[in-house]
Amino acid sequence: MNISLQNVDKVSAVLTIAIEKADYQERVDKTLKNYRQKANIPGFRKGMVPMSLVKKQFGKAVLAEEIDKLLQEKVYEYLRENKVDMLGQPLPSEDMEAIDYDQDNFTFKFDIALAPEFKAEISSDDKIDYYTIQVSDELVDQQIKMYTQCGASHEKVEEYQDNDMIKGLIAELDEAGNVKEDGVKVEDAVMMPQYMKNEDQKALFNGAKTNSVIVFNPFTAYDGNEAELSSLLKINKEEVANAKGNFSFQINEIVRMIPAPLDEKLFDQVFEPGTVKNEEEFVAKIKEGIAKQFENDSDYKFLVDVRDYLVKKIGKLEFPDALLKKIMLANNIEKGEAFVSENYDKSIEELTWHLVKEQLVKANDIKVEQADINNMAKEVTRVQFAQYGMMNVPEDILENYAKEMLKKKESVENLVNRAVESKLSAALKAKATLNEKKISMEEFNKMFE
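No experiment lies behind these values; they were computed from the predicted model shown.

J.: Account for the overall build of the protein, with residues named and values stated.
T.: Regarding its fold elements, the protein presents 14 helices and 11 strands. Its C-alpha radius of gyration of 35 Å places the protein more than 25% over the 22 Å reference for a compact globule of 449 residues. Along the first, second and third principal axes, the C-alpha atoms of the protein reach 95 × 70 × 45 Å. Taking contacts inside the protein between residues at least 6 apart in sequence as the whole, the part at least 24 apart equals 71%. Counting only carbon and sulfur atoms, one obtains 47% of the accessible surface of the protein, whose full area is about 27,900 Å². Distance from the positive charge centre (61 side chains) to the negative charge centre (84 side chains) of the protein: 7 Å.

Right, here's the structure in full:
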């Protein structure tokens, strides 16, 4: 077998592979023997079919299959051993002659897209913005409110106030204001007037007392929202349009949520028991947690800015556009050429950053071990729990959730990428000259609009 690579230009080449009979015959013979042992041909016992008949019936198909396997092995082996920086996959050359499997020797040609040569690096000479998001008192207060609501108790009261929940009987009324005999009735209905869309309808419940009856219009109150009305009135969404009249609500019970006090019990629910002893420490700990979450956002923005900075610094790279479009079409054959034309420029942008990122990862000796993936899975899980106000999640629960996450291939790929970017961000922050800027969360979010 003879393999050679001939550059067409800086970013494309032709890989030629000459295969002789000695390269594939042993593999073909072995496969045909297996076919003979398993072949079920009328007139012959299993395993006793003459080899000449097996070759006649399966010979060319086996030959083509084994040569294809051999090609795949040797092509990628050659590219790997010779450190050919290939983009996409090899494509059969258009000028390659048709293969005649009645011959013994074969020549295959593949078009190879080569990555452009460039240098991507970050040093102290590179000045890049780094945004530190300020933790406002309002954000801390919102977080504290969430925790006190999560640990809230519920008490029955006699008079309705905003945010109270009312329970009772809903009944549809006729035009005269009487309960319809065949109208909609819902016993043990539950409603929070605070969430009504119409202010006038909401106001009807102000100061309402237990055992009182309020007449209101649900359709008006909820602005005709089919989902909310079908849930409240226990009817199908298709029936909502027929329920535009007034209803009565006989209030049997009013329940008020009493936020949990800022005491040791709440502190120990949110954080590890004993770590927070008073309200001042509680506030400081919450602020620290928000700042930590914001640091991840700042690092993400930093990498986005590094990407823009380096792509601009490197300049426009040369790519084998015609060949890459063919490769893209081969991978999206069902979507057609229109899809390729529409998405090619964006694909090149992503490919450019991928190549830049690969260089940075290699230059900074960034490696991701299984422990890094496990830790990232636990960190993602911890953040998810924190969004629901659960800060003090036991380690064994984090471990179990992380294990479930690691069972999914897509999740693992995402975790690996996040672990790489986390390490890369840390490495580049240490090398670049950071132009540090303090910014509010609102200002930070506007940069992504």
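J.: Just give me the short version of a nonpolar patch on the surface, but keep the residues and values in it.
T.: Side chains of Tyr300, Met447 and Phe448 sit close together on the surface and give an oily, nonpolar patch of about 290 Å² of accessible area. Relative to the helices and strands, tyrosine 300 is located in helix H8 (residues 279-314).

J.: Break down the sheet that holds strand E1 (residues 2-9) for me, with residues and values.
T.: If you trace the 4 strands from one edge of the open sheet to the other, you get E1-E2-E4-E3, paired in antiparallel fashion. Both outer strands of the open sheet, E1 and strand E3 (86-92), are each paired with one neighbouring strand and no more. Between one strand and the next, the sheet's axes are offset by a mean angle of 25°, whatever the strand orientation. Across the sheet, helix H2 (residues 51-81) touches E1, strand E2 (12-19), E3 and strand E4 (106-114), and the angle it forms with E2 is around 130°.

J.: Could you give an account of the pattern of salt bridges, with specific residues and numbers?
T.: Tallied over the entire structure, the rule returns 28 salt bridges. Across the pair lysine 346 and glutamate 349 runs a salt bridge, and its minimum N-O distance is 3.7 Å. On the criterion of helical spacing, the pair formed by lysine 346 and glutamate 349 is a turn pair, its members being 3 residues apart in helix H10 (residues 336-363). Taking the relative accessible area as the measure of exposure, glutamate 349 reaches 45% and is therefore partly exposed. Between glutamate 404 and lysine 407 there is a salt bridge, with the nearest N and O atoms lying 2.9 Å from each other. Among the ionic contacts, a cluster of salt bridges with common partners joins Arg27, Glu65, Glu66, Lys69 and Glu73.

J.: I'd like a description of a negative patch on the surface, backed by residues and values.
T.: Taken together, the side chains of Asp137, Glu138, Asp141, Glu442 and Glu443 present a region of like negative charge at the surface. By residue number, the principal contributor to the negative patch is helix H3 (residues 137-150), which donates 3 residues. Assignment of secondary structure puts glutamate 442 in helix H14 (residues 441-446). By relative accessible area, which is 47% here, glutamate 442 ends up partly exposed.

J.: A description of the environment of leucine 262 should follow, citing residues and the corresponding values.
T.: With respect to the element layout, leucine 262 can be found in the loop between strand E10 (247-258) and helix H7 (264-270). With near-sequence residues (within four places) excluded, leucine 262 lies in contact with Ile144, Thr148, Phe267, Glu279 and Phe282.

J.: Go over the packing of helix H1 (residues 21-38) against H2 with me, naming the residues and quoting the values.
T.: At a closest axis distance of 8 Å, the pairing of H1 and H2 adopts a crossing angle of 130°. The orientation of H1 with respect to H2, classified from their angle, is oblique. Helix-helix and strand crossings are classified by hand; for H1 and H2 the assignment is right-handed. For the contact of H1 with H2, the residue count by class is 11 nonpolar, 2 polar and 9 charged.

J.: Give a detailed account of H1, specifying residues and quantitative values.
T.: Three- or four-residue spacings in an α-helix give side chains the same orientation, since the helix completes a turn every 3.6 residues. Taking 1.5 Å of rise per residue, 18 residues should cover 26 Å, and H1 covers 25 Å from first to last C-alpha, within 8% of that figure. For H1, the complete set of buried residues consists of Tyr24, Val28, Thr31 and Leu32. The buried residues of H1 occupy an angular sector of 105° when projected down its axis, which confines them to one face. Exposed residues pointing more than 90 degrees away from the buried face of H1 are listed as Ala22, Glu26, Lys30, Lys33 and Gln37.

J.: Quick one: what's the story with the layout of surface pockets, residue by residue and with numbers?
T.: Approximately 1,000 Å³ is the volume found for the largest pocket. Asn296, Asp297, Asp299, Tyr300 and Glu421 are the residues nearest the centre of the largest pocket, which is lined by 32 residues in total. Elements with a minimum of two residues in the lining of the largest pocket: H8, H10, helix H11 (370-386), helix H13 (409-431) and H14. Here the lining of the largest pocket gets 12 residues from one element, more than from any other, and that element is H8.

J.: Quick one: what's the story with the environment of serine 153, residue by residue and with numbers?
T.: Looking at the element boundaries, serine 153 is found in strand E6 (residues 153-157). Note on serine 153: relative accessible area 36%, which makes it partly exposed. Along the backbone, serine 153 and alanine 260 are 107 residues apart, and their C-alpha atoms lie at a distance of 6.9 Å. In this view, serine 153 contacts Arg256, Met257 and Ile258; residues no more than four positions away in its chain are not counted.

J.: Can you lay out the packing of aromatic side chains for me, pointing to particular residues and giving the numbers?
T.: Under the defined criterion, the tally for this structure stands at 12 aromatic pairs. Between the aromatic rings of phenylalanine 205 and phenylalanine 216, the centroid separation amounts to 5.4 Å while the plane-to-plane angle is 75°, which identifies the pairing as edge-to-face. Here phenylalanine 216 lies in strand E9 (residues 213-216) and phenylalanine 205 lies in the loop between helix H4 (199-203) and E9, a separation of 11 residues in the sequence. Accessibility assignment for this pair places phenylalanine 205 and phenylalanine 216 in one class, buried. Counting every residue linked through ring pairs, the aromatic cluster contains Tyr147, Phe267, Phe271 and Phe282. The positively charged end of lysine 301 is found above the aromatic ring belonging to phenylalanine 448, 5.6 Å away from the centroid.

J.: Could you give an account of the nonpolar core, naming the residues involved and the relevant values?
T.: Counting residues in hydrophobic clusters, the biggest one holds 33 residues, and the most contacted among them are Leu87, Phe319, Leu324 and Leu428. Where this core is concerned, the elements lending two or more residues are E3, strand E5 (127-133), H8, helix H9 (321-331), H10 and H13. Sort the elements by how many residues they give to this core and H10 lands first, with 9 residues. Every residue in contact with leucine 428, bar those within four places of it in the chain, is listed here: Ile122, Phe302, Leu303, Val306, Leu360 and Asn364. Among the nonpolar cores identified, the runner-up in size contains 26 residues, and Val28, Tyr78, Val84 and Phe110 belong to it.

Reading the values: the criteria
- Residues numbered from 1 in each chain as written.
- Predicted model: local features only at pLDDT ≥ 70, side-chain atom pairs only at ≥ 80, totals over all residues.
- Heavy atoms only, no water.
- Helix = DSSP H or I, 4+ residues; strand = E, 2+ residues; numbered from the N terminus.
- Rg over C-alpha atoms; globule rule 2.2 N^0.38 Å.
- Contact = heavy atoms within 4.5 Å.
- Areas by Shrake-Rupley, 256 points an atom, 1.4 Å probe, with all protein chains shown as cover.
- Lys, Arg positive; Asp, Glu negative; His and termini not counted.
- Charge placed at Lys NZ, Arg CZ, Asp CG, Glu CD.
- Patch = residues over 30% accessible without salt bridge, like charges linked within 9 Å, V, L, I, M, F, W, Y side chains within 5 Å.
- Salt bridge = Lys/Arg side-chain N within 4 Å of Asp/Glu carboxyl O.
- Pairing = 2+ DSSP bridges.
- Axes fitted to C-alpha atoms, helices over the stretch in contact; angles between N-to-C directions.
- Buried < 20%, exposed > 50% of the residue type's maximum accessible area, 1.4 Å probe, protein only.
- Parallel < 35°, antiparallel > 145°, perpendicular 65-115°, else oblique.
- Left-handed = near helix turned anticlockwise from the far one by under 90°.
- Nonpolar A, V, L, I, M, F, W, Y, C, P; charged D, E, K, R; others polar.
- Expected span 1.5 Å × (residues − 1).
- Arc of directions from axis to C-beta.
- 1 Å grid on protein atoms, 1.4 Å probe; cavity = no way out; pocket = protein on both sides within 12 Å on 5 of 7 lines; lining within 4 Å.
- Points joined across faces, edges and corners; volume = space filled by probe spheres on them.
- Phe/Tyr/Trp six-rings, centres within 6.5 Å; stacked < 30°, edge-to-face > 60°.
- Lys NZ or Arg CZ within 6 Å of the ring centre and 35° of its normal.
- Core = buried A, V, L, I, M, F, W, Y, C linked by side-chain atoms within 4.5 Å.

Function cannot be read off these values alone, since they describe shape.
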